[in-house]
Amino acid sequence: MIIVQDGCFALQTPHTSYIFRKDAAGNLLHLYYGEKIEIEEEGLAKVCEIMAPVITNQNGCSLIADTAQPNLCLDDVCLEISSRGKGDMREPYVELVLADGSSTSDFRYENYRIEESLLTPEGLPGAYEEKGNGQSLVITLADRNSKVKLELVYGVMEDCDCLVRYGRLVNSGEETVTVNRLMSMQLDMEAGVLKITDFHGDWAREMAKNETILRQGKYVNDTSVGFSSNRANPLFIWADTETTQEYGDCYAVNLLYSGNHRESAQAGGHGKMRILAGMNPDYLCWQLEAGEAFCSPQAVLTYSHQGYQGVSGQLHYFVREHIVRGEWKHKERPILINSWEAMYFDVQEKKILKLARTAANAGMELFVLDDGWFGKRNSDASSLGDWYDNKEKLPTGLAGLSEKIHKLGLKFGIWVEPEMVSEDSDLYRKHPDWAVRIPGQEHALGRNQMVLDLTREEVRNYIIESMSDVFSRGKVDYVKWDMNRSITECYSVALPSDRQGEVFHRYILGVYDLYERLTSEFPEVLFESCSSGGGRFDPGMLYYAPQGWTSDDSDAIERLKIQYGTSLCYPISSMGSHVSVIPNHQVFRKTPLHTRANVAYFGTFGYELDVTKIPEEDRNVIASQVETYKK
């Protein structure tokens, strides 16, 4: 519910209130975010009057932005948004460079409107409300120094203690404006000391929980590899130092975005804390032409007085009910057997059918053919981009294999990595300019592959055509969509020199375009996102693929830490979790079969081992595990 009265604004969820107001000069002052305050519509102005900060003097370094408010220094108040150049010395929400080279913005309140639906940023994923119980508040601010307007878009859902926020810049002038920063969320709070929780890691070490006490200065959680990354997930939690699992004030923010991101907490000398979340501004330089608009990704923000557990439950509900869509939103996921650790690149139809038959006898429901089935793919050195059947490995092709798998009573799934290209491939030989690289310079390789330039429509169309053909001829029920490489030499030959700062963001827009088109064309297919494991495990991806491969590390003991960290925000229905062979292929640990299953139960359950090569006794145990999980 949204309440507005006399320049005061309240966003009400079932158990929280978010309140701010405009001052006499048109600045937006943040007043409160916390436990719900019951407010009658005609009483909001009175509540805001009580909450309004008392500003009576300045210190020796105060800078006054507006002579109409001689006591107001923007550096010493809690604001809804901030910009550079008017005395607020903290990290800003928005940063523009105008045609004359100046970079001072002065956004003041102009008007508001309420929409009876959840608004979402163009070209980006966004929260939705199926029951029509969502509302949006749009605050329009005008820059006094240019013809640019900033829309702050807030969304509330009747059934959910989460808010969603994003910003939208509109260039109403005649000259190009450069956008160097547009964050998704700013929250200024009265807070002396906070405990920051974020989630770091690397390949096979995702979502390691990290806690930092912040008294003064700035703490930053960010990534610059081109995707949300296993190095720093966009989930960011802050709480009082006394907050526990079940008690105390706790806040969290996450981004519906899969690209470079940045979350920061800055403690100032006036006892205030600024939290920002959005696209990483170090890797954004967007040319906003006359008449054009530019949106930041949507952020989800939540608060609970019931500690970390309260915040976690609210984020779980938000992902399940307002992010995950389509056929598989509430549907039980099939128990799968994946071929990767059973055969790697040594894919042969006879081996596949033997593995599938044994898995079916144990009660499994889905066979997934992983890497090695296409082109001349005998290692990771070739063939990405050549999405045609390898007839030496699959004599009857995907179509014939799929028919045989389905006759065994199993669903059929396929592994693809559509965003990548191998140098040793027919596609690269035909279109070397389709790869992300700087012409005339040596380029880096990761897993012997390069990234396709998804900023280009012709490249995306080729991928759509290729994937549509694969999914159709294979009659696939499940797709494991992998992405195994960071973006280096970030450059597009299709863009002019002054737009190269747009490539990272345009790439992610291209990823979303691919997912939107393919999930729409194949609505009954279960998509699982993967990025060398959990490298792109974020709400933006879950909007298209209802589950993600949590980590390439399938060791049960390692997975306890990885799945625990992931579960603080993401529901277990979104977390791919498999039983693997021993010694484990990543850490070489030997773990009892029942332990491996007990850990894998807490996710979308499956197996990733050659069940044809284990003792009969273990196969019988696996059959009982499958039966237990189904119950």
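What you see is a predicted model, and the numbers here were worked out from it, not measured in a lab. (Residues numbered from 1 in each chain as written. Predicted model: local features only at pLDDT ≥ 70, side-chain atom pairs only at ≥ 80, totals over all residues. Heavy atoms only, no water.)

## So, the overall build of the protein chain
This is how it is decided: Under the DSSP-based scheme used, a helix requires at least four consecutive residues in state H or I and a strand at least two consecutive residues in state E, with every element numbered from the N terminus. For the radius of gyration, the atoms used are the C-alpha atoms, and the globule rule reads 2.2 Å times the number of residues raised to 0.38. Accessible area is worked out with a 1.4 Å probe on protein chains only. A residue is then buried under 20% of its type maximum, exposed over 50%, and partly exposed in between. In this charge count, Lys and Arg are treated as positive and Asp and Glu as negative; neither His nor the chain ends contribute. A charge is said to be at NZ when it belongs to Lys, at CZ for Arg, at CG for Asp and at CD for Glu.
Secondary structure assignment for the protein chain yields twelve helices and 30 strands. Relative to the compact-globule value of 25 Å for 631 residues, the protein chain shows a C-alpha radius of gyration of 26 Å, a close match. Projected onto its principal axes, the C-alpha coordinates of the protein chain cover approximately 80 × 55 × 40 Å. Taken over 631 residues, the protein chain has a buried fraction of 61%. Here the protein chain carries 64 positive and 92 negative side-chain charges, and the mean point of each set is 5 Å from the other.

## Thoughts on a negative patch on the surface
Note the threshold: A residue counts toward a patch only above 30% relative accessible area and without a salt bridge, and it is joined to like-charged neighbours within 9 Å or, for Val, Leu, Ile, Met, Phe, Trp and Tyr, to nonpolar neighbours within 5 Å. For the area figures, the Shrake-Rupley method with a 1.4 Å probe applies, and any residue is considered shielded solely by the protein chains shown. What makes a salt bridge here is a side-chain nitrogen of Lys or Arg within 4 Å of a carboxyl oxygen of Asp or Glu, nothing more.
Together, Glu 35, Asp 240, Glu 242 and Asp 249 make up a negatively charged patch on the protein surface. Among the secondary structure elements, Asp 249 is positioned in the loop between β14 (232-239) and β15 (250-255). A relative accessible area of 30% means that Asp 249 is categorised as partly exposed.

## Notes on the sheet that holds strand β22 (residues 366-369)
Rules: By this definition, two strands are paired if DSSP reports at least two bridges between them. Between N-to-C directions, angles cover 0 to 180 degrees, with each direction set by a line fitted to C-alpha atoms, over the stretch in contact for helices. We call two residues in contact when some of their heavy atoms are within 4.5 Å.
Strand order in the closed barrel made by the eight strands is β21-β22-β23-β26-β27-β28-β29-β30, with parallel pairing throughout. Pairs of neighbouring strands in the sheet enclose a mean axial angle of 30°, with direction left out of account. Strand direction decides the pairing type here: strand β27 (residues 526-529) and strand β28 (residues 547-549), joined by two bridges, are parallel. Each bridged residue has a counterpart across the sheet, and for Ser 529 the counterpart in β28 is Gly 548. Running over the sheet, helix α8 (residues 503-521) touches β26 (478-481) and β27 and is turned about 160° from β27. On the sheet, helix α11 (residues 593-600) packs against β29 (575-580) and β30 (604-608) and is oriented at approximately 175° with respect to β29.

## Quick look at the side chain of Glu 558
The following threshold applies: Pairs of N or O atoms are called polar contacts if they sit within 3.5 Å, as long as, within protein, a hydrogen donor faces a hydrogen acceptor (for residues adjacent in sequence, only side-chain-to-side-chain pairs).
Residue placement: Glu 558 occurs in helix α10 (residues 556-567). Polar side-chain contacts of Glu 558 include one of 3.4 Å to the side chain of Arg 589. If sequence neighbours within four positions are ignored, Glu 558 has contacts with Asp 553, Val 587 and Arg 589.

## Brief notes about the nonpolar core
Short version of the rule: Remark: nonpolar core denotes a set of buried residues (Ala, Val, Leu, Ile, Met, Phe, Trp, Tyr, Cys) joined through side-chain atoms within 4.5 Å.
With 164 residues, the main nonpolar core has Trp 238, Phe 318, Leu 369, Ile 414 and Phe 471 as its most contacted residues. If one sorts the elements of this core by residue count, α8 sits on top with eight residues. The contacts of Phe 471, once residues within four sequence positions are left out, are Ile 414, Val 416, Val 476, Val 479, Leu 518, Phe 522 and Phe 527. In terms of nonpolar packing, the next biggest core, distinct from the first, is built from nine residues, Ala 10, Ile 39, Leu 44 and Cys 48 among them.

## As for the packing of α10 against α11
The description of two packed helices rests on the angle between their axes and on the distance between the axes. To be explicit about the condition: Oblique is the label for any angle not under 35 degrees, not over 145, and not in the 65 to 115 range, which are roughly parallel, roughly antiparallel and roughly perpendicular in turn. Each crossing gets its hand from how the near helix is turned against the far one by less than a right angle, where anticlockwise is left-handed and clockwise is right-handed. Residues are grouped as follows: Ala, Val, Leu, Ile, Met, Phe, Trp, Tyr, Cys and Pro are nonpolar; Asp, Glu, Lys and Arg are charged; all remaining types, including Gly, are polar.
At their nearest, the axes of α10 and α11 sit 9 Å apart, and the two run at 15° to each other. Between α10 and α11, the angle falls in the class roughly parallel. Seen along the crossing, α10 lies across α11 with a hand that is left-handed. Here α10 contributes Ala 556, Ile 557, Arg 559, Leu 560 and Gln 563 to the contact with α11, which in turn contributes Thr 595, Arg 596 and Val 599. Along the lines of polarity and charge, the residues of the contact of α10 with α11 split into four nonpolar, two polar and two charged.

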